[in-house]
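Notes for the structure review
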Amino acid sequence: AQKITQTQPGMFVQEKEAVTLDCTYDTSDPSYGLFWYKQPSSGEMIFLIYQGSYDQQNATEGRYSLNFQKARKSANLVISASQLGDSAMYFCAMREGPNAGNNRKLIWGLGTSLAVNP
Amino acid sequence: GAGVSQTPSNKVTEKGKYVELRCDPISGHTALYWYRQSLGQGPEFLIYFQGTGAADDSGLPNDRFFAVRPEGSVSTLKIQRTERGDSAVYLCASGTGVNNEQFFGPGTRLTVL
């Protein structure tokens, strides 16, 4: 079974509008972390936002926010006020296991390709 | 400061050859990760180092793949008897352990002919 599922292979959004990229996850570990990365056509993975499984508040970083619904096991990324430079692949990833001090592998989804139209 | 660097950026080799891919992590980062990304896929974990030792090598696909980090800084991923299926972008990341955030390098694109 897929641990990270991104059901949208491609998405379009109009510049300046908000867009939500979906991510669902599957784990039996009570402690885990969820990540979103951006991969532009240049290929480099750029960290966007992190949510810990015990975090009470949804994570926010500038125009990025993570809509964390623990019971539904979803961790959707919301990008507000889309810009042309947001066009890229977006990957959701999960770390299974406790927080800081433990370094563990990330399990990745297949990604969503976002195109921002002018 | 300097980010993660990887060399070479591109490597073309013939089936059966041996290749080495190098990763220079961010200075002071104790954790180092190798991933492989095939076209149209998300990254696939290969191995991670905590210091000099491999803390988790469960992602290495077979014994043709090996990685070292002898001084706890630079790491080399070694692939013996390359096969066409090894063609992919090999990504390296480093981290401090805080929330497991990983900082990625630009990758090495390996093409096996």
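The coordinates are above.
A few points on the structure. (Residues numbered from 1 in each chain as written. Chains lettered and ligands numbered in written order. Predicted model: local features only at pLDDT ≥ 70, side-chain atom pairs only at ≥ 80, totals over all residues. Heavy atoms only, no water.)

Focus: the overall build of chain A
When its secondary structure is counted, chain A shows zero helices and 12 strands. For chain A, the N- to C-terminal ordering of α and β elements is β-β-β-β-β-β-β-β-β-β-β-β. Scaling as 2.2 N^0.38, a compact globule of 118 residues should have a C-alpha radius of gyration of about 13 Å, and chain A matches this with 14 Å. When its C-alpha atoms are laid out on the principal axes, chain A stretches across 40 × 25 × 25 Å. (Helix = DSSP H or I, 4+ residues; strand = E, 2+ residues; numbered from the N terminus. Rg over C-alpha atoms; globule rule 2.2 N^0.38 Å.)

What to know about the overall build of chain B
On a plain count of helices and strands, chain B comes out with zero helices and 11 strands. Scaling as 2.2 N^0.38, a compact globule of 113 residues should have a C-alpha radius of gyration of about 13 Å, and chain B matches this with 13 Å. For chain B, the spread of C-alpha atoms along the principal axes amounts to about 40 × 25 × 25 Å. Residue burial in chain B is summarised as follows: out of 113 residues, 47% are buried. Pairs at least 24 apart in sequence give 53% of the contacts found in chain B among residues at least 6 apart. (Buried < 20%, exposed > 50% of the residue type's maximum accessible area, 1.4 Å probe, protein only. Contact = heavy atoms within 4.5 Å.)

Concerning the packing of aromatic side chains
The full count for this structure, using the stated rule, is 15 aromatic pairs over all chains. Seen from their ring centres, Trp108 of chain A and Phe104 of chain B are 5.7 Å apart, and the 80° between their planes marks the pair as edge-to-face. Here Trp108 of chain A, found in strand E11 (residues 106-108), pairs with Phe104 of chain B, found in strand E10 (residues 103-104), and the two come from separate chains. With a relative accessible area of 8%, Trp108 of chain A lands in the buried category. According to the relative accessible area criterion, Phe104 of chain B is buried, its value standing at 4%. An aromatic cluster is present here, built from Phe35, Tyr37, Phe47, Tyr50, Phe91 and Trp108 of chain A together with Tyr33, Tyr35, Phe45, Tyr48 and Phe104 of chain B joined pairwise through their rings. Geometry around Tyr64 of chain A places Arg63 of chain A over its ring, the cationic atom sitting 5.7 Å from the centre. (Phe/Tyr/Trp six-rings, centres within 6.5 Å; stacked < 30°, edge-to-face > 60°. Lys NZ or Arg CZ within 6 Å of the ring centre and 35° of its normal.)

A few points about the nonpolar core
Counting 25 residues, the largest nonpolar core has Trp36, Leu77 and Tyr90 of chain A as the members making the most contacts within it. Looking at this core, the elements that each hand over two or more residues are strand E2 (10-14), strand E3 (19-21), strand E5 (32-39), strand E6 (46-52), strand E8 (64-69), strand E9 (74-79), strand E10 (88-96) and strand E12 (112-117) of chain A. (Core = buried A, V, L, I, M, F, W, Y, C linked by side-chain atoms within 4.5 Å.)

Some words on the sheet that holds strand E3 (residues 19-24) of chain B
Residues and elements named next belong to chain B. Across the sheet, four strands lie side by side as E1-E3-E8-E7; this open sheet has antiparallel pairing. Either end of the sheet is taken by a strand with one partner, and the two such strands are strand E1 (5-7) and strand E7 (65-68). In this sheet, adjacent strand axes meet at a mean angle of 15° when their direction is disregarded. Where E1 meets E3, three bridges bridge the pair, whose relative direction is antiparallel. Looking across to E3, one finds that Thr7 is bridged to Arg22. (Pairing = 2+ DSSP bridges. Axes fitted to C-alpha atoms, helices over the stretch in contact; angles between N-to-C directions.)

With respect to the interface of chain A and chain B
In this assembly, 21 residues from chain A lie in contact with 24 residues from chain B. Carbon and sulfur atoms supply 51% of the area buried between chain A and chain B, which totals about 1800 Å² over both sides. Classifying every residue of the side of chain A that touches chain B gives 10 nonpolar, seven polar and four charged. (Buried area = accessible area lost by both parts, 1.4 Å probe. Nonpolar A, V, L, I, M, F, W, Y, C, P; charged D, E, K, R; others polar.)

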